[in-house]
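Chain residues, written in single-letter form:
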Amino acid sequence: MLLLSGSLALTGLASAQVPTPNVAPQGAAIVPAAPQLAASSYILLDARSGKVLMEHNADEPLPPASLTKMMTSYIASLEILRGQIKEEDLVLVSEKAWRKGGSKMFIEVGNQVKVIDLLRGIIIQSGNDASIAMAEHIAGSEEAFADLMNSHARRLGMDNTHFENSTGWPAEGHLSTARDMATMAKAIIRDDPEHYKIYKEKEFVWNGIRQPNRNLMLWRDSTVDGLKTGHTEEAGYCLVASAERDGMRLVSVVMGTSSEQARAAETQKMLTWGFRFFETKTFYEPGQVLSQARVWAGVENEVALGLADGLVMTMPKGQAEKLEAGITMNSTIKAPITAGDVLGQVEVKLGEEVLHSAPLVALADVEQAGLFGRLWDNIRLFFYGLFN
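**Quick word on the pairing of strand E12 (residues 278–284)**
Moving residue by residue along a regular strand, the side chains alternate between the two faces of the sheet.
So, step 1. Summarising burial for E12: five of the seven residues are buried, a large majority.
So, step 2. Where E12 and strand E15 (residues 311–316) come together, six bridges link them in antiparallel fashion. By the bridge assignment for E15, Glu279 is matched with Met315.

Okay, here's the thing in structure tokens:
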């Protein structure tokens, strides 16, 4: 729990207190400078809080190579969740899918392959053939599927990403960024945890051919459970990885490294630094009641207040115990109130520095009182205003 206390009222605001257990302070760790990586672009962030711990050229559009397939597999898993397709559905392999060069699942033209097998072929074997077969099954053509990919990219806020195909095959204008790839990874982990488990599978056998997962981090670090590698001559060697330790999940992206070994080594540097010197804590859950506010002219006299998204923060180790939170709320709150209405603000400080602020919202509806109730409360509010 984070100690919540009253703070100086802003203009037109009144402060409130919510007592919570205090925690004995500990010495904060000294955080050394982030390591410098041999990569064109990179980013490291916490998957839950969204806090960026280190970055370099994270918004520079670059060829994403097979990192593209994260969007292909993401859309497929969403279609399964929505009931539009089923894992056991059979997909007819087209000649276009079969003929595609590069990394392959080795599906045969004219054969029928289960959706779940194609999904493994995309994620584990990075199969271009599997990606095109899936795209055609979902959208009718790879071109139509690319439009679907771009629609999901816009929905997720991947503002510097544009897809031309389902595979990451080099194409003019087919670009993304380290930040957008991290956003993609977070969506995969958050929206479909069941299919996310496929990303940590170390090998997949199809057509008698055993292929290992190209993510070397799965062998080097037992806490890594995803996500995807990519490589073309233009893009260099790329890797999006995620690891979870002690309830803290980090997502790392490196783009434009020199080799398979380099992308794994640079990823390891980031994850080691992030987990060693930072921690992520959940202080309040979404919808948790932090305070009660007086309501005027309502059928109820009070309304519960809280944070719509909860409060999750990533910070240097040892810093959490030194934080203080102050809440302020509107001095006059009148019905009607709709759940989600902003009625104040929460600020989290370390000393005098504001580390985080968020709107304090109503957690329930409060209907307007009848005519007599409103009249009586208006009279009381008048006298209340005279003395406060």
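**What to know about the packing of helix H1 (residues 69–81) against helix H6 (residues 178–191)**
So, step 1. Relative orientation of the contacting elements H1 and H6 amounts to 25 degrees, with a least axis distance of 10 Å. The orientation of H1 with respect to H6, classified from their angle, is roughly parallel. For the crossing formed where H1 meets H6, the hand is left-handed. Residues Met70, Met71, Tyr74, Leu78 and Leu81 of H1 lie in contact with H6, whose contacting residues are Met181, Met184, Ala187, Ile188 and Asp191.
So, step 2. Its residues placed into classes, the contact of H1 with H6 shows nine nonpolar, no polar and one charged.

**Observations regarding the nonpolar core**
A general feature of soluble globular proteins is that nonpolar side chains tend to end up buried together.
So, step 1. Formed by 59 residues in total, the largest nonpolar core has its most connected members in Met71, Leu118, Met184 and Val240.
So, step 2. Secondary structure elements with two or more residues in this core: strand E3 (41–46), H1, helix H3 (115–123), helix H4 (128–139), helix H5 (142–156), H6, strand E10 (236–245) and strand E11 (248–257).
So, step 3. Of all the elements, H6 adds the most residues to this core, at eight residues.
So, step 4. Once residues lying within four places of it in the same chain are set aside, the contact partners of Leu118 are Val91, Met105, Ile107, Val113, Ala130, Ala133 and Met134.
So, step 5. Leu290, Ala325, Met329 and Ile333 belong to the second-largest nonpolar core, a separate cluster that totals 26 residues.

**So, the sheet that holds strand E9 (residues 224–232)**
So, step 1. If you walk across this open sheet you meet the five strands as E4-E3-E11-E10-E9, and the pairing is antiparallel. Edge positions in the sheet fall to strand E4 (52–56) and E9, since each has one partner strand and no second. Neighbour to neighbour, the strand axes of the sheet diverge by 5 degrees on average, direction disregarded.
So, step 2. Each of E3, E4, E9, E10 and E11 touches H6; the most contacted strand, E11, lies at about 140 degrees to it.

**Some words on the side chain of Ser242**
So, step 1. Looking at where Ser242 falls in the secondary structure, it is placed in strand E10.
So, step 2. A relative accessible area of 0% places Ser242 in the buried class.
So, step 3. Looking at Ser242, its side chain comes within polar contact range of the main-chain oxygen of Leu250, at 3.1 Å.
So, step 4. Not counting residues within four places of it along the chain, the set of residues in contact with Ser242 comprises Ile189, Tyr196, Thr223, Val224, Asp225, Gly226, Leu227, Arg249, Leu250 and Val251.

**Some words on unusual backbone geometry**
So, step 1. Note the cis peptide between Gly226 and Leu227, where omega equals 10 degrees.
So, step 2. Take Leu227: it is sitting in strand E9.
So, step 3. A positive phi angle is found at Ala65, which is not glycine, with a value near 50 degrees.
So, step 4. Tracing the sequence through the fold places Ala65 in the loop between E4 and H1.
So, step 5. Take Ala65: its relative accessible area is 2%, and that puts it in the buried class.
So, step 6. A positive phi angle, close to 50 degrees, is found at Asp246, a residue other than glycine.
So, step 7. Relative to the elements of secondary structure, Asp246 occurs in the loop between E10 and E11.
So, step 8. According to the relative accessible area criterion, Asp246 is exposed, its value standing at 84%.

Quick notes on the rules
Residues numbered from 1 in each chain as written. Predicted model: local features only at pLDDT ≥ 70, side-chain atom pairs only at ≥ 80, totals over all residues. Heavy atoms only, no water. Buried < 20%, exposed > 50% of the residue type's maximum accessible area, 1.4 Å probe, protein only. Helix = DSSP H or I, 4+ residues; strand = E, 2+ residues; numbered from the N terminus. Pairing = 2+ DSSP bridges. Axes fitted to C-alpha atoms, helices over the stretch in contact; angles between N-to-C directions. Parallel < 35°, antiparallel > 145°, perpendicular 65-115°, else oblique. Left-handed = near helix turned anticlockwise from the far one by under 90°. Contact = heavy atoms within 4.5 Å. Nonpolar A, V, L, I, M, F, W, Y, C, P; charged D, E, K, R; others polar. Core = buried A, V, L, I, M, F, W, Y, C linked by side-chain atoms within 4.5 Å. Polar contact = N/O pair within 3.5 Å; in protein donor to acceptor, adjacent residues only side chain to side chain.

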